[in-house]
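Residue-level structural notes
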Amino acid sequence: MATTPEPDTASHGPPRAAGHVRRESILRERARRVVAGSGPPTLALSARRRQSDLAAETERSVLDLVLRVGEAMIATGAPVADVTAALLRLAAAFGVTNCHVDITFISISASIDRDDDPITKMRVINVRTSDYSRLADLFAMVDAAAAGRLPLERAHARLEEVLDSPHPYRRWVVTLALGVMAAGVAGLLGGGWQVAIVAAGTTALIDRVLRVLRRWGLPYLFQQAMGAGIATLVAIALLWGQDTFGWDRALLPPSLVVASGMVVLLAGMQLVGAAEDAISGYPLTAAAKSFEVALYTVGLVVGIGFVLDLGRRLGVPLYIGDVFGNAPPGLVQIVCGGVIAGAWAVASYTRASNIWLISLVGAVAAGVYYAVDALWLGPAGAAFFAALLVGLLAGVIGDRGRLPSLVVSVCGVTPMLPGLSIYAAMFDFIEGGDVIGGGQLAIRALSVGLALAAGVTLGEFLASPLRSEMDRWERRVRSRARGARI
């Protein structure tokens, strides 16, 4: 008789219930959902390919326009982030949304990604100057194209008109404006009207000499050395006159004359621009500009050192007094700040209709600097908060279409450039051999420059809620400053 086998419970244990298995599966799925990501990466690792459905010849025409506009913007003093955003807007205005732009210190390249034959072009940047009227026209041209008011054929003709248009002022007006700027710097540093007149005359002489040297093609390093040498030579002459004729040294401090000339020579340099590019996420151009700043500073050191050694050999050694404690009253600083900003705007060919606005921004910035410095926050802290306000005002004014925010920000922070600290550091290095004291002054000057760049950049960022929303091209460029962490 057959018997039914019993289950081997001793070797296998009791069978697992189906409901228990389902509960374990549900728990594992819930745990997976908690841990695993639920969406694509926060940052696009590679841009999707977009087709413009335009003919290749049309895209080549758009790319040529983009490159020429970008070259002109960089040449006239625009920062890399603003230029990149403007060029992407310009390309998108004519239907090209698959354009890639890359800007280095000496070149600009752009590419259109196509399935059949990608188009890539490059242009070399040979000129760098401050021409804010032409820069404003270029940004206005981009705005008109983005608004659909400027067809492609007319855009090429409009670009030629902008590039060939004359300056709003003659060259002697620029020389006069630089002299007025130096006079304002002298007043801001605590000098009287005598120092202001001498500083203005010295700066005008430097500008005319450097103009001749540029026409001869002399490298900019030696131009900086010549300019610094002329300013120091005037200071040596003042000391000789004080020793020979008994002039009152309190009326004509030679250090203020040299420092005023230093600010004018530094106003066109790239210290603030280099820091701003680095903050905005463009380290390569920032590094190149920083090297340029270092090279031009070497030119200043060479010029000052040569003339100081010459004066010592002639028995007229130059000295530097305690000029950091000779700050004028607050009202004088506010007026001088407005004069400096307005004068630099004229020297940079800003149109006359915008000079009063830039002067007002410079005066307000100087007032904020004076108020914050009175709270014992130091030069760097005062420079940061003053530049922060300048950035806010520049962002709001620039959104109104009157002039680019760059023009307002650069001119607005010019009164706070650390010319006196740089000159004092160079003097300690060269004449006194005080490495520690000179290093402290150099760090002070560098911290002020970085504070100006950080304040302007943060101010323009904070101004975005106060103005209209940024378009996607500007958001795409600004996102680079956030870094690559996802």
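Up top you'll find the structure we're talking about.
Residues numbered from 1 in each chain as written. Predicted model: local features only at pLDDT ≥ 70, side-chain atom pairs only at ≥ 80, totals over all residues. Heavy atoms only, no water.

The next subject is the overall build of the protein. For the protein, the helix and strand inventory stands at 19 helices and three strands. The contacts of the protein with a sequence gap of at least 6 include a subset with a gap of at least 24, amounting to 74%. Split by element, the accessible area of the protein, about 24200 Å² in all, is 62% carbon and sulfur. (Helix = DSSP H or I, 4+ residues; strand = E, 2+ residues; numbered from the N terminus. Contact = heavy atoms within 4.5 Å. Areas by Shrake-Rupley, 256 points an atom, 1.4 Å probe, with all protein chains shown as cover.)

Moving on to the environment of glutamate 160. Tracing the sequence through the fold places glutamate 160 in helix 6 (residues 152-164). Along the backbone, glutamate 160 and arginine 68 are 92 residues apart, and their C-alpha atoms lie at a distance of 9.9 Å.

Attention shifts here to helix 14 (residues 355-374). For helix 14, spanning 20 residues, the distance from its first C-alpha to its last is 29 Å, which sits close to the expected 28 Å at 1.5 Å a residue. Turning to helix 14, its buried residues are Ile355, Leu357, Ile358, Ser359, Val361, Gly362, Ala363, Ala365, Ala366, Gly367 and Val372. In the segment just after helix 14, tryptophan 376 is the residue with positive phi, at about 65°. (Expected span 1.5 Å × (residues − 1). Buried < 20%, exposed > 50% of the residue type's maximum accessible area, 1.4 Å probe, protein only.)

Only one face of strand 1 (residues 99-103) is buried: it carries Cys99, Val101 and Ile103, and the other face, with His100 and Asp102, is open. Pairing geometry for strand 1 and strand 2 (residues 107-112), over five bridges, is antiparallel. Counted as the bridge partner of aspartate 102 is serine 109 from strand 2. Between strand 1 and the antiparallel strand that follows it, strand 2, lie three residues. (Pairing = 2+ DSSP bridges.)

For any two aromatic rings, the description comes down to two numbers: the centre-to-centre distance and the angle of the planes. Taken as a whole, this structure holds two aromatic pairs when the rule is applied. Ring geometry for tyrosine 220 against tyrosine 296: centres 4.5 Å apart, planes inclined by 45°, an arrangement best described as tilted. Here the residue tyrosine 220 occupies a position in helix 9 (residues 220-245), and tyrosine 296 occupies one in helix 12 (residues 283-313), the gap between them amounting to 76 residues. Among the residues examined, tyrosine 220 registers a relative accessible area of 31% and is labelled partly exposed. Using a relative accessible area of 14% as the deciding quantity, one classes tyrosine 296 as buried. Both rings, one in phenylalanine 384 and one in phenylalanine 385, keep their centres 5.4 Å apart while their planes meet at 80°; by these two values the pair is edge-to-face. (Phe/Tyr/Trp six-rings, centres within 6.5 Å; stacked < 30°, edge-to-face > 60°.)

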